[in-house]
Amino acid sequence: MPVTYIDAIRDAQYKALETDERVFLYGQDIGKFGGAFKATKGLQERWPERVMDAPISEDAMVGMAIGAAIEGMRPVVEMQFADFSSVGFNQIVNNAATHYYRTGVPIPITVRMPSGGTPGSGPFHSQSIETIYSHYPGCIVLTPATVSDAYHMLLEGIALDDPVIFCEHKFLYRWLKSENYEGDGLPIGKARITRAGKHATVVAYSAMVHEAVRAAEMLESEGWEIEVVDLRSVKPLDTDTVIASVARTGRLLAVGEAFPWGGVTAEIVARVVKEAFHLLDAPPMRLNAKDTPIPYHPKLWAEHRPTPESISHALKQLLAY
Amino acid sequence: MDLTKEHARKVYQAMVRSRLLEAKFSSLYKAGQIVGGVYLGKGQEAVSASIGARLVPGKDLFAPLIRDQAGRTAFGEDMLDATRTYLGSAKGPMKARDGNIHRGRPGDGVVAMISHLGTSISVLGGMLKAREIQGKLEGCVGATCIGDGATSTGAFHEGLNYVAVEKLPVVVVVADNQFAYSTPNSKQYACKDLIDRAKGYGVAGHSVDGTDMLACAAVIGQAVDSARNGEGPQMVVAKLLRLSGHGEHDDGSYIPEEIRSSHYGRDCMEVGKQQLIELGWLTEAELGEWEAAAREEVQLAVTTAQREDGPDPYQEDWCALAGGSYRDW
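Residues numbered from 1 in each chain as written. Chains lettered and ligands numbered in written order. Predicted model: local features only at pLDDT ≥ 70, side-chain atom pairs only at ≥ 80, totals over all residues.

**Q** What exactly am I supposed to notice about the overall build of chain B here?
**A** Within chain B, the regular secondary structure consists of 11 helices and seven strands. Against the compact-globule benchmark of 20 Å for 329 residues, chain B has a radius of gyration of 19 Å, which places it among compact chains. Principal-axis analysis of the C-alpha atoms places the extent of chain B at approximately 55 × 50 × 40 Å. With 329 residues in all, chain B has 51% of them scored as buried. The long-range fraction of contacts in chain B, counting pairs at least 24 apart against all pairs at least 6 apart in sequence, stands at 74%. (Helix = DSSP H or I, 4+ residues; strand = E, 2+ residues; numbered from the N terminus. Rg over C-alpha atoms; globule rule 2.2 N^0.38 Å. Buried ≥ 20, exposed ≤ 12 C-beta atoms within 10 Å, placed from the backbone. Contact = placed C-beta atoms within 7 Å.)

Right, here's the structure in full:
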């Protein structure tokens, strides 16, 4: 029976609760209700003491997880939407992320961030927040694009000793399916060549990997072979795999769903320019969402984020240089 | 609670040791010997020591804030932890990566505060919740001190509401010292008394005169005992005045003379001394011995820390992660 991306999130949490009694889940409506996206469906019935409902207090939710981590637990906090993590931002970046460096006591918490846009979700239920948490020292930031990665990287993330920001993409929740959770065993910190090519490299992560693959397929009939690199984790960022790909293709387009000022795509371009300028046959390009709040209407939203059309358009410019 | 002679003396001795240690920090600051700022608990020792003295080291949890040297001392902090941190020794508990009042030993139940006020309440709550899940909560208490200014933060609200919802054994002591840095209470809150908020959060409330040493020891001690006995979160509001600036860089000149010379402007050290001597629980001679021993302890801690090296930036690993293999830069 095929499994979906949201099944992977739920089943990884099931496995973590089953195999490690230090793990507990904490979030709004995650108990009997099973969570806004049903990522914790049935888990409280099985582990009533370790699947707990939280008040609408993102600051206190993260603070609570930090305290529990100090006492040896492995909390998994569900933000109902990544957007609301801004209320818990202070506890994440100033408390959890500084704690090991300051005190020598690690904070192994995982904060699940239902991220990214879906049609009609608007400015406050659509955000991609990987950049802001990557900017601060002290966090690991994961952005799985596949069902298998969603499952294995969540389990791997929970087992890490540092705060993990787990960006799971809502658009992938239900439509992205797989036969099972079998993966290729890549560890956190290693990017994947999702599609091999030789004319240009698209570096993407999370839902944008799938949009990049579609763009590559669109250009295939015109004879272009586009390589797609899935970063998998944006921090640490696998610069080596990106540069190896650019060495093969000579051209780079970095695609992200986040806002355009700074961020992951800017970081990729900066690193490639600094370390592999001599490998580039064309100026590297970036493609991000637009510099406005994420619009509500599906027609506006579809143009706000990078699409297969806008990615292939950018690629044509890159290839024409 | 019935305040015993032994407990009252424990509170006062911690106050004496703390006041003398902090007086030394003030001198060292003025002599340019301190790395960073110095934040004193002068005038707040009775409140702070009363919480620290009622907690059990090795079992209870304490999240001190910037004016809690007395509480730290009463909870068993080695003077070397404070002197090493203030003087920038690499041997301090934060290895000179963080300074002054931000020090802590989270693995030993002392939370290392961040500067964002109110955040320690939910952290304490999580520590206690973990123990509940682990079946180790029985008889444990977590306590924190904050000021009037911190009660205006969202973190205070979220944290206190959280521990109330979960009925955790937390004691929140608010030292209402009338000024948050330079901002007077009239611009900080609109309720008549901060203790009015306890009812709104569904926690027990206790008011106390923060300059009255015996009252602090009794009321704050009772709040700790109540939390320990399963009566849920306790909020104490202690009225007082800080007898220093916000830090040693600040002369506190914005505090009007009529407040300085009011009832709350009196020094809890003097009050406590009178109280204990009148009860026959302490003699002038004993106090002299305490002070002499404390001075010696302070001197030894300072000279030890002064001989130690500061951090070496070339030996620093510059890695914020416990899992160093995942570092990105």
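**Q** For this particular structure, what's the right way to read the sheet that holds strand β10 (residues 200-204) of chain A?
**A** Within a beta sheet, neighbouring strands are joined by backbone hydrogen bonds and run either parallel or antiparallel to one another. Residue and element names in this part refer to chain A. Ordered in space as β9-β11-β10-β13-β14, the five strands form an open sheet in which the pairing is mixed. Of all the strands in the sheet, the pair left with one neighbour each is β9 (192-195) and β14 (285-287). Averaged over all pairs of adjacent strands, the angle between their axes in this sheet comes to 25°, without regard to strand direction. As judged from the three bridges shared by β10 and strand β13 (residues 252-255), these two strands associate in the parallel manner. From the neighbouring strand, Thr201 faces β13, where its bridge partner is Leu252. In the packing of helix α9 (residues 264-276) onto the sheet, the strands contacted are β10, β13 and β14, and the crossing angle to β13 comes to about 155°. (Pairing = 2+ DSSP bridges. Axes fitted to C-alpha atoms, helices over the stretch in contact; angles between N-to-C directions.)

**Q** Sorry, what's going on with unusual backbone geometry here?
**A** Generally, phi is negative for residues other than glycine and the peptide bonds are trans, each holding for most cases. Omega for the bond connecting Lys235 of chain A with Pro236 of chain A falls within 30 degrees of zero, at 5°, which places this linkage in the cis form. Examined against the element boundaries, Pro236 of chain A turns out to sit in the loop between β12 (233-235) and α8 (239-249). Even without being a glycine, Lys95 of chain B presents a positive backbone phi close to 50°. The exposure class of Lys95 of chain B is partly exposed, given the 17 C-beta atoms found within 10 Å. Positioned with a positive phi, Tyr181 of chain B is a non-glycine residue whose angle comes to about 50°.

**Q** What exactly am I supposed to notice about helix α10 (residues 268-279) of chain B here?
**A** An α-helical segment advances 3.6 residues per turn. Residues three or four places apart therefore align on the same side. Residues and elements named next belong to chain B. Over its 12 residues, α10 extends 16 Å from the first C-alpha to the last, a length consistent with the 16 Å expected when each residue adds 1.5 Å. Taken together, the buried positions of α10 are Cys268, Met269, Gly272, Gln275 and Leu276. The arc enclosing the buried residues of α10, seen along the axis, measures out at 130°, which places them on a common side. Opposite its buried face, α10 presents the exposed residues Glu270, Gln274 and Glu278, each directed more than 90 degrees away. Lining the buried residues of α10 we find α1 (5-30), α2 (45-54) and α8 (213-228). The first or second residue beyond α10 is Gly280, which carries a positive phi of 75°. (Expected span 1.5 Å × (residues − 1). Arc of directions from axis to C-beta.)

**Q** Help me understand the interface of chain A and chain B in this model?
**A** Taken residue by residue, the interface counts 39 residues in chain A and 34 residues in chain B. In terms of residue class, the side of chain A that touches chain B is built from 20 nonpolar, 11 polar and eight charged. (Nonpolar A, V, L, I, M, F, W, Y, C, P; charged D, E, K, R; others polar.)

**Q** What should I look at first to understand the pairing of strand β3 (residues 170-176) of chain B in this one?
**A** Residues in a regular strand project their side chains so that they alternate between the two faces of the sheet. Residues and elements named next belong to chain B. Extensive coverage of β3 is indicated by the burial of seven of its seven residues. Alternating residues of β3 divide into Val170, Val172, Val174 and Asp176 and Val171, Val173 and Ala175, and every residue in both groups is buried. Sheet topology note: the strand β2 (residues 142-147)/β3 ladder contains six bridges and is parallel. Residue pairing for β3: Ala143 is matched across the bridge by Val171. In this region the chain leaves β2, passes through helix α6 (residues 154-165) and returns to the parallel neighbour β3; the handedness of that crossover is right-handed. (Right-handed = clockwise from strand over helix to strand, strands pointing away.)

**Q** Just to check I follow, could you spell out the packing of helix α3 (residues 58-70) of chain A against helix α5 (residues 119-133) of chain B for this structure?
**A** Helix-helix packing is characterised by the crossing angle of the two axes and by the distance between the axes. Between α3 of chain A and α5 of chain B, whose axes approach to 6 Å, the crossing angle comes to 50°. The orientation of α3 of chain A with respect to α5 of chain B, classified from their angle, is oblique. For α3 of chain A against α5 of chain B, the interelement crossing comes out right-handed. Between α3 of chain A and α5 of chain B, the residues in contact are Asp59, Ala60, Gly63, Met64, Ala65, Ile66, Gly67, Ala68 and Ile70 of chain A and Thr119, Ser122, Val123, Leu124, Gly125, Gly126, Met127, Lys129 and Ala130 of chain B, respectively. (Parallel < 35°, antiparallel > 145°, perpendicular 65-115°, else oblique. Left-handed = near helix turned anticlockwise from the far one by under 90°.)

**Q** I keep staring at the environment of Val298 of chain B and nothing clicks. Help me out?
**A** All names here are of chain B. Following the sequence through the fold, Val298 ends up in helix α11 (residues 284-307). In this structure, the C-alpha to C-alpha distance between Val298 and Ala23, residues 275 residues apart in sequence, is 9.9 Å. Among residues more than four places away in sequence, those in contact with Val298 are Leu20, Leu21, Lys24 and Met79.

**Q** Before we go on, may I ask you to explain the nonpolar core in this structure?
**A** Here is a general trend for soluble globular proteins: nonpolar side chains tend to be buried in one another's company. Judged by nonpolar contacts, the single largest core of 195 residues is most densely connected at Val202 and Ala212 of chain A together with Val171, Val173, Ile220 and Val236 of chain B. Top element by residues in this core is α8 of chain B. It accounts for 10 residues. With sequence-adjacent residues up to four places away left out, Val173 of chain B is seen in contact with Val47, Ile51, Ala143, Cys145, Ile220, Val236 and Ala238 of chain B. (Core = buried A, V, L, I, M, F, W, Y, C linked by C-beta atoms within 7 Å.)

On their own, these measurements won't tell you what the molecule is for.
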